[in-house]
Amino acid sequence: MAYELPPLPYAREALEPHLSAETIDYHYGKHHQKYVTKLNQLTEGGEHADKTLEQIIADAGSGPVFNNAAQVWNHNFYWNCLSPEGGGAPEGPLAAAIEAGFGSLEGFQDEFTQAVVDLFGVGWVWLVKDGEGMVSVIATKDAVNPLTHGRVALLTCDVWEHAFYIDYRNDKAAYMDAFWKLVNWRFVEERYTTT
Ligand code: MN
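Keep in mind the model is a prediction, meaning the values are calculated, not measured.

Concerning the overall build of the chain
Check the secondary structure of the chain and you find eight helices and three strands. At 16 Å, the chain has a C-alpha radius of gyration in line with the 16 Å of a compact globule built from 195 residues. Along the first, second and third principal axes, the C-alpha set of the chain runs to 50 × 40 × 30 Å. A total of 195 residues make up the chain; the buried ones form 50% of that total. In the chain, once contacts between residues fewer than 6 apart in sequence are set aside, the share between residues at least 24 apart is 69%. If you sum the accessible surface of the chain, you get close to 9300 Å²; carbon and sulfur atoms cover 50% of it.

Next comes the structure, spelled out in structure tokens:
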């Protein structure tokens, strides 16, 4: 069973003007694709060949197999966190959890944005849920994701330079202004209530 690059949930130019088609061409078409291709090369005929991405992430330890499997999972998840119809505010139980965890939506967005700005090197920032339904922000390095921390990922932002450098150069804060206009809260709400 070969791993595949899932279809992007929207057209490559659909996130403009916030993220350009050129960014998506490289980020989805080249970086994400390369993680998929590499994972297939690394796992073909080996002990991980027929596992799900989640099983590899749990089993592989650190190293190239973990890195490529986790990067495929992280990017699959990231594209679903964005939408041309995104932005605005969460509703329902997720909105209540964010208010309980951060005081307000603005408090959450400030903490999440600061975690992106402060992340040294490359990695990801996440909104996660624990076993009690409490939400918090965590940053992870390189390919690491909340699955390895035993927590449920609700939302992520890619903080590798390939995610923002074409459009925003070194300005992570400007990338985050764009990110909040694209967040697919309906997806995040569904993650909160169903996982
Ligand atoms: Mn990326």
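Comments concerning the pairing of strand β2 (residues 135–141)
By the bridge criterion, seven bridges tie strand β1 (residues 123–129) to β2 in an arrangement that is antiparallel. Bridged to V128 within β2 is S136. Between the end of β1 and the start of β2, which pair antiparallel, lie five residues, with G133 showing a positive phi angle near 85°.

Brief notes about the packing of aromatic side chains
Inspection of the entire model under this criterion finds 16 aromatic pairs. Seen in terms of ring centroids, F108 and W180 are 5.6 Å apart; in terms of plane orientation they differ by 80°. Their pairing is edge-to-face. Linking F108 in helix α5 (residues 105–118) with W180 in helix α7 (residues 172–182), this pair joins segments that are 72 residues apart in sequence. This pair shows no difference in class: F108 is buried, exactly as W180 is. Arranged with centres 5.8 Å apart and planes meeting at 10°, the rings of F112 and F179 form a pair that is stacked. Of this pair, F112 sits in helix α5 while F179 sits in helix α7, placing them 67 residues apart in sequence. In terms of burial, F112 and F179 fall into one category: buried. One Lys or Arg, K30, reaches over the ring of Y26 and ends 5.8 Å from the middle of that ring. The ring centre of Y192 lies 5.0 Å from the NZ or CZ of K129, which sits over that ring.

Structural notes on the domain arrangement of the chain
Once the domains are mapped, the chain shows domain 1 (21–80) and domain 2 (92–194). Facing 18 residues of domain 1, the contacting portion of domain 2 comprises 24 residues. Between domain 1 and domain 2 the total buried area reaches about 1700 Å² when both faces are included, carbon and sulfur atoms providing 68% of it. Of all residues in domain 1, T23, F77 and Y78 give up the largest surface area on contact with domain 2, accounting jointly for 35% of the area buried on that side. Remark: the boundary between domain 1 and domain 2 carries zero salt bridges. Taken together, the connections running from domain 1 to domain 2 amount to 10 residue pairs in polar contact (both at pLDDT 80 or more). At the level of secondary structure, the elements contributing two or more residues to the side of domain 1 that touches domain 2 comprise α1 (21–43), α2 (53–59) and α3 (64–81). Broken down by element, the residue count for the side of domain 1 that touches domain 2 peaks at 10 residues, all from α3.

Criteria and cut-off values
Residues numbered from 1 in each chain as written. Predicted model: local features only at pLDDT ≥ 70, side-chain atom pairs only at ≥ 80, totals over all residues. Heavy atoms only, no water. Helix = DSSP H or I, 4+ residues; strand = E, 2+ residues; numbered from the N terminus. Rg over C-alpha atoms; globule rule 2.2 N^0.38 Å. Buried < 20%, exposed > 50% of the residue type's maximum accessible area, 1.4 Å probe, protein only. Contact = heavy atoms within 4.5 Å. Areas by Shrake-Rupley, 256 points an atom, 1.4 Å probe, with all protein chains shown as cover. Pairing = 2+ DSSP bridges. Phe/Tyr/Trp six-rings, centres within 6.5 Å; stacked < 30°, edge-to-face > 60°. Lys NZ or Arg CZ within 6 Å of the ring centre and 35° of its normal. Domains from an automatic or database assignment. Buried area = accessible area lost by both parts, 1.4 Å probe. Salt bridge = Lys/Arg side-chain N within 4 Å of Asp/Glu carboxyl O. Polar contact = N/O pair within 3.5 Å; in protein donor to acceptor, adjacent residues only side chain to side chain.

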